[in-house]
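Listed here are the chains, written in short residue letters.
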Amino acid sequence: DGRLTFYPGNQTVDLPFINLMKRHGTLFLNAYTNSPICCPSRAAMWSGLFTHLTESWNNFKGLDPDYVTWMDLMAKHGYHTQKYGKLDYTSGHHSVSNRVEAWTRDVDFLLRQEGRPMVNLTGDKKHVRVMEADWRNTDKAVNWIKEEAVNLTEPFVLYLGLNLPHPYPSPYAGENFGSSTFLTSPYWLEKVTYEAIKIPKWSSLSEMHPVDYYSSYTKNCTGEFTKQEVRNIRAFYYAMCAETDAMLGEVISALRDTGLLKNTVVMFTADHGELAMEHRQFYKMSMYEGSSHVPLLVMGPGVKEQQQIRNVVSLVDIYPTMLDIARIPVPQNLSGYSLIPLLRGKAENKVSPSEVPSRPPWVLSEFHGCNVNSSTYMLRTGKWKYIAYSDGRLVLPQLFDLSDDPDELRNVAIKYPVIVHSLDKMLRSVVNYPKVSSLVREYNKQQFISWKQSLGQNYSDVIANLRWHRDWLREPKKYQDAIDKWL
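Residues numbered from 1 in each chain as written. Predicted model: local features only at pLDDT ≥ 70, side-chain atom pairs only at ≥ 80, totals over all residues. Heavy atoms only, no water.

Draft legend 1. Structural context of the sheet that holds strand S14 (residues 398-401). Taken in spatial order, the 4 strands of this open sheet run S11-S12-S13-S14, and their pairing is antiparallel. Each having just a single partner strand, strand S11 (362-367) and S14 make up the two edges of the open sheet. Ignoring which end each strand starts from, the neighbouring axes of this sheet average 15 degrees apart. Note: strand S12 (residues 376-381) against strand S13 (residues 384-389), 6 bridges, orientation antiparallel. Bridge pairing in S13 places Arg380 opposite Lys385. Running at roughly 70 degrees to S13, helix H14 (residues 417-430) makes contact with S11, S12, S13 and S14 of the sheet. (Pairing = 2+ DSSP bridges. Helix = DSSP H or I, 4+ residues; strand = E, 2+ residues; numbered from the N terminus. Axes fitted to C-alpha atoms, helices over the stretch in contact; angles between N-to-C directions. Contact = heavy atoms within 4.5 Å.)

Listed below in structure tokens is the structure:
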């Protein structure tokens, strides 16, 4: 959750290396994902293109493996490139459940797709390396800096992808497990100030926007939760962020120890945030701030220190920024804009038009995957966040005034019809969203039909044992009929 890098992170959890980057670099206060789920978000970041252009509709469908990423271009221009850890931007990954849940979101049924969110404390106060796979990848990156990068004659670019602070799999939740367990050790939990944790306000289930209700139900969050449960989930999430921060620290320390830090640009960001029980949801897949607002901090040569930037930016801006740092010509077809003018401390109005293409005053995020029963489009500009659904008619939009309502508890779309009209017009000038929603619906149906045909007689058994098996097995015929009616 990007807000942790400025507020309320400074109250709830100690993030020393995020704070070091703030002191020695630039912090973006309004950075957003272009799609609040792993694979489509990373596809946007690695391609520099909006989701409706990459057609990365769900966690299974990302970029084609031969797509030219910014790292490919940097390698072509003489950079030594190295990748470790989670990449997750090409097509063909993720579980069968993940795919089928996304494809069937237009079916008229409600089924729990996730395990109920829970916490799990492991080890003792000496147990530092909880997410072992991430630590192994961090060690690889650190060793590469100390043994390889330090001896290179050409410039390098190193990418380290972490899983944390993603919730862990919950084996009790069935096929392929849901990832609904917030896991940490006492060592990290001690970094969290429990008294500072804010318990989010919830609307009643009957007052929720219909898409929010669907999300909350499929995420298994419509039941009763005590304040202590909610506080624990949030505390464990913050502790997982503290462990992530320590991995960032290992990389920064390795650069410092080898003398490379002074001439290396360091960038820290995420593919999406975590709702951590805000709006009666955990996980991502939502345009609410906890899920869509990502961290973005940059430090290094030419980057202004102790600078906080209010301009809205998004992950598609990373592609042109990386090329700009490397002085590689930036392709014209990108959805993003280089952050270099902002990083150098030039306010937008002081940049001459010839120096940089004019950055729009809005960012776009969209979502087409599971846990949400409608394609969703978010335009963030100024104090407004406008969220449109489906074809713009079937589902009512949402409008939030973030200056007056930072917790996004009051949908003011009906109160401000003129602003809704104006923002909807702006959104349609960026993306023909009714057409995109229709394409996604058709894609989902065709994919599901192909998958169903590939299973033959085995179809019923397979679908009954996906992650939603606890609901499905009570009334299999009812849900089977709903699918048949949809098809």
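There is more to say after this.
Draft legend 2. Structural context of unusual backbone geometry. A cis geometry characterises the amide bond from Leu164 onward to Pro165, with omega recorded as 0 degrees. Considering the arrangement of structural elements, one finds Pro165 in the loop between strand S4 (156-161) and strand S5 (168-170). One non-glycine residue, Ala276, adopts positive backbone phi at about 45 degrees. Mapping Ala276 onto the fold places it in the loop between strand S7 (266-269) and helix H11 (289-292). In this structure Ala276 comes out as buried when scored by relative accessible area, which is 4%. A positive phi is found at Arg327, a non-glycine position, where the angle reads about 55 degrees. By the secondary structure assignment, Arg327 is in the loop between helix H12 (318-325) and helix H13 (340-343). (Buried < 20%, exposed > 50% of the residue type's maximum accessible area, 1.4 Å probe, protein only.)

Draft legend 3. Quick look at empty space enclosed by the protein. Applying the stated criterion to the full structure yields 4 cavities of 30 Å³ or more. As for the largest cavity, its lining consists of 14 residues, and the residues nearest its centre are Asp212, Met285, Ser286, Met287 and Tyr389. Every element with two or more residues in the lining of the largest cavity is listed here: helix H9 (210-218) and S13. The greatest single-element share of the lining of the largest cavity, amounting to 3 residues, is contributed by H9. The class makeup of the residues in the lining of the largest cavity is 8 nonpolar, 5 polar and 1 charged. (1 Å grid on protein atoms, 1.4 Å probe; cavity = no way out; pocket = protein on both sides within 12 Å on 5 of 7 lines; lining within 4 Å. Points joined across faces, edges and corners; volume = space filled by probe spheres on them. Nonpolar A, V, L, I, M, F, W, Y, C, P; charged D, E, K, R; others polar.)

Draft legend 4. Up close: the pairing of S11. Where burial is concerned, most of S11 is hidden: 6 out of the 6 residues are buried. Side chains of S11 alternate between two faces, with Trp362, Leu364 and Glu366 and Val363, Ser365 and Phe367 buried alike. Two elements, S11 and S12, share 6 bridges in a ladder whose sense is antiparallel. Across the sheet, Ser365 pairs through a bridge with Met378, a residue of S12.

Draft legend 5. Inspection of the packing of helix H2 (residues 16-24) against helix H10 (residues 227-257) at higher detail. Running from N to C, H2 and H10 cross one another at 55 degrees; their axes reach a closest spacing of 7 Å. When the axis of H2 is compared with that of H10, the two are oblique. In contact with Pro16, Phe17, Ile18, Leu20 and Met21 of H2, H10 contributes Asp245, Leu248, Gly249, Ile252 and Ser253. (Parallel < 35°, antiparallel > 145°, perpendicular 65-115°, else oblique.)

Draft legend 6. Representation of the pattern of salt bridges within the structure. Applying the stated criterion across every chain yields a total of 22 salt bridges. Salt-bridge contacts for Glu278 lead to Arg3; the nearest nitrogen and oxygen are separated by 2.9 Å. With Glu278 in the loop between S7 and H11 and Arg3 in the segment before helix H1 (9-12), this residue pair connects regions lying 275 residues apart in the sequence. Taking the shortest distance from any N to any O, the salt bridge between Arg467 and Glu101 comes out at 2.6 Å. Taken as a pair, Arg467 in the loop between helix H16 (459-464) and helix H17 (469-472) and Glu101 in helix H6 (residues 96-103) lie far apart in primary sequence, 366 residues in all. Each member of the pair, Arg467 as well as Glu101, is classed as buried. (Salt bridge = Lys/Arg side-chain N within 4 Å of Asp/Glu carboxyl O.)

Draft legend 7. Here's a closer look at helix H3 (residues 38-47). Most of H3 is tucked away: 10 of the 10 residues are buried. All buried positions along H3 are accounted for by Cys38, Cys39, Pro40, Ser41, Arg42, Ala43, Ala44, Met45, Trp46 and Ser47. The elements touched by buried residues of H3 are helix H4 (51-54), helix H5 (70-76), strand S2 (80-85), S4, S7 and H12. Just past H3, the residue Gly48 takes up positive phi, approximately 75 degrees.

Draft legend 8. Broad picture of the packing of H6 against helix H15 (residues 433-455). Their axes nearest at 8 Å, the elements H6 and H15 cross at an angle of 130 degrees. The pairing of H6 with H15 is recorded here as oblique in orientation. Judged by the twist between their axes, the crossing of H6 over H15 is left-handed. Of the residues in H15, those touching H6 at Val96, Val100, Ala102 and Trp103 are Tyr443, Asn444, Gln447, Phe448 and Trp451. Its residues assigned to classes, the contact of H6 with H15 shows 7 nonpolar, 2 polar and no charged. (Left-handed = near helix turned anticlockwise from the far one by under 90°.)

Draft legend 9. Up close: the sheet that holds strand S6 (residues 178-184). Strand order in the open sheet made by the 3 strands is S3-S6-S5, with mixed pairing throughout. Strand pairing shows two members of the sheet lacking a second neighbour, strand S3 (118-121) and S5, which therefore form its edges. Taking the axes of each pair of neighbouring strands and ignoring which way they run, one obtains an average angle of 50 degrees across the sheet. With 2 bridges connecting them, S5 and S6 associate as antiparallel partners. Following the sheet pairing, Ser170 is matched in S6 by Gly178. Seen against the sheet, H10 touches S3, S5 and S6 and runs at an angle of roughly 75 degrees to S6.

Draft legend 10. Spotlight on the packing of aromatic side chains. The tally for this structure, following the rule as stated, stands at 25 aromatic pairs. Aromatic pair Phe109 and Trp472: ring centres 6.3 Å apart, planes at 85 degrees, arrangement edge-to-face. Highlighted residues: Phe109 in the loop between H6 and S3 and Trp472 in helix H17, separated in sequence by 363 residues. Ring geometry for Phe448 and Trp486: centres 5.4 Å apart, planes at 65 degrees, overall edge-to-face. Remark: Trp486 occurs in helix H18 (residues 476-486) and Phe448 occurs in helix H15; sequence separation between them is 38 residues. As far as burial versus exposure is concerned, Phe448 and Trp486 are alike and both buried. Here the aromatic cluster, defined as three or more aromatic residues joined through ring pairs, consists of Phe60, Trp103, Phe448, Trp451, Tyr459 and Trp486. (Phe/Tyr/Trp six-rings, centres within 6.5 Å; stacked < 30°, edge-to-face > 60°.)

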